[in-house]
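Secondary and tertiary structure notes
Spelled out from the first residue to the last, the chains are:
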Amino acid sequence: MEHAGSVRTFMRRHFKHFNAATVVDAAGAYADHIENGGKMLIAMAGAMSTAELGISIAEMIRQDKIHAISCTGANLEEDLFNLVAHDHYRRVPNWRDLTPEQENELLELGLNRVTDTCIPEGEAIRRIEALLLEEWQKADIVGEPMFPHEFLYKLIRSGKLKPQIDIRDSWLVAACEKNLPIFVPGWEDSTTGNIYAARCMDGTIQNVHTVRSGIEYSIGLTKWYLNQTAQWGFFQIGGGIAGDFPICVVPLIRQDLEVQVPLWSYFCQISDSTTSYGSYSGATPNEKITWEKLSAETPRFVIESDATIVAPLIFAYVCAEDSVAPETNGRARTAVPALALQNRLAG
């Protein structure tokens with residue numbers, strides 16, 4: 001990854017406290033986990049594909065720093081939308097100032113807004129719909145159901161796509177090249193999921209199970225985890241189903257199947273959700289110990305920030321070659337072990 005070493009040096013020099021220090025700690029623990037033979041699953045919520053986080057995620061995949069992905073249906077499809085229609089996207093720098101009337105003008109132009117950028121309906125969504133529908137119909141006729149990501153892998157390998165960006169900037173293409181396992185919980189609420197439901201209702205698709213379901217994803221995830229021998233870490237961008245679905249595979253196996261498997265051995269979540277009561281996205285990692293997802297010894301990090309800023313920094317840090325000792329500014333503070341801190345406070 002270009003400039004990764006400089007980014008790591010900068011972070012070590014300037015990110016000393018608060019969220020900044022947690023970013024460095026989380027990145028360092030991620031790198032250590034990989035260097036010690038561990039594997040990493042990333043869970044991706046929000047609109048990270050439209051934010052073009054694929055540029056850094058793709059490089060992480062190529063460098064074997066990411067080994068499995070759980071994402072929303074939106075992130076799955078929107079990486080492909082950006083791949084084939086990037087030149088037709090429109091950025092709206094003053095998006096906070098838009099009036100309802102201006103939003104309606106974007107609708108009439110076929111521009112679906114995601115914060116400061118608009119996905120073009122015709123060039124992105126309908127173009128992929130036409131290609132994807134061909135694959136759905138073929139599978140429907142021969143009775144060969146596949147998961148949502150498998151249909152997109154097949155589309156990528158077909159050579160029918162005409163990229164408008166460097167394909168190295170697509171995380172889905174990078175994942176396809178390595179045949180990474182992908183799990184897409186709640187795919188039904190995505191744009192392509194909506195289209196698929198419509199095609200089932202109008203009779204274009206005869207068997208609703210041609211695209212395999214979320215329960216089948218859960219079973220597939222469980223079988224996959226049971227076959228793993230490495231220690232797996234969990235890097236979560238955002239909250240919600242993209243994270244909750246895969247992390248629950250461990251208690252599913254340990255408590256419901258009654259088979260002993262390792263807990264997740266690293267955990268980091270980047271979220272703009274502040275700690276709250278009753279919220280999954282705002283729950284602290286310690287709560288996951290009670291659900292038998294993490295252990296008390298699992299390195300755990302929560303970074304309350306914008307993932308589009310923080311995640312590429314962490315990924316650059318992890319990709320950097322580290323042959324020199326970390327730089328300090330002469331005022332680095334020694335961390336106090338938890339037990340020592342407890343005794344100090346008690347005294």
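See the structure shown above.
Described below are features of the structure shown in this document.

**A short note on the packing of helix H3 (residues 54-62) against helix H14 (residues 307-319)**
Across the interface, H3 lies against H14 with an axial gap of 10 Å and an inter-helix angle of 25°. Classified by the angle their axes make, H3 and H14 are roughly parallel. Crossing geometry of H3 relative to H14 is assigned as left-handed. Between H3 and H14, the contacting residues are Ser 56, Ile 57 and Met 60 on the first element and Pro 312, Phe 315, Val 318 and Cys 319 on the second. Among the residues making up the contact of H3 with H14, the classes are represented as 6 nonpolar, 1 polar and no charged.

**A look at the packing of helix H4 (residues 73-85) against helix H8 (residues 171-178)**
Across the interface, H4 lies against H8 with an axial gap of 8 Å and an inter-helix angle of 105°. Our classification of the angle between H4 and H8 gives roughly perpendicular. From H4, Asn 75, Leu 76, Asp 79, Leu 80 and Leu 83 reach across to H8, where they touch Trp 171, Leu 172 and Val 173.

**Some remarks on the packing of aromatic side chains**
Counting across every chain of the model gives 16 aromatic pairs. An aromatic cluster is built from Phe 147, Phe 183, Tyr 217, Trp 224, Tyr 225, Trp 232, Phe 234, Trp 264 and Phe 267, whose rings are joined through pairwise contacts. Above the plane of the ring of Tyr 317 lies Arg 8, whose end atom (NZ or CZ) is 4.3 Å from the centre.

**Some thoughts on unusual backbone geometry**
One non-glycine residue, Asp 64, lies in the positive phi region at around 60°. Tracing the backbone shows Asp 64 in the loop between H3 and strand E2 (68-71). Here the phi dihedral of Asn 179 falls at roughly 55°; this positive angle occurs in a residue that is not glycine. Take Asn 179: it is sitting in the loop between H8 and strand E6 (182-183).

Quick notes on the rules
- Residues numbered from 1 in each chain as written.
- Predicted model: local features only at pLDDT ≥ 70, side-chain atom pairs only at ≥ 80, totals over all residues.
- Heavy atoms only, no water.
- Axes fitted to C-alpha atoms, helices over the stretch in contact; angles between N-to-C directions.
- Helix = DSSP H or I, 4+ residues; strand = E, 2+ residues; numbered from the N terminus.
- Parallel < 35°, antiparallel > 145°, perpendicular 65-115°, else oblique.
- Left-handed = near helix turned anticlockwise from the far one by under 90°.
- Contact = heavy atoms within 4.5 Å.
- Nonpolar A, V, L, I, M, F, W, Y, C, P; charged D, E, K, R; others polar.
- Phe/Tyr/Trp six-rings, centres within 6.5 Å; stacked < 30°, edge-to-face > 60°.
- Lys NZ or Arg CZ within 6 Å of the ring centre and 35° of its normal.

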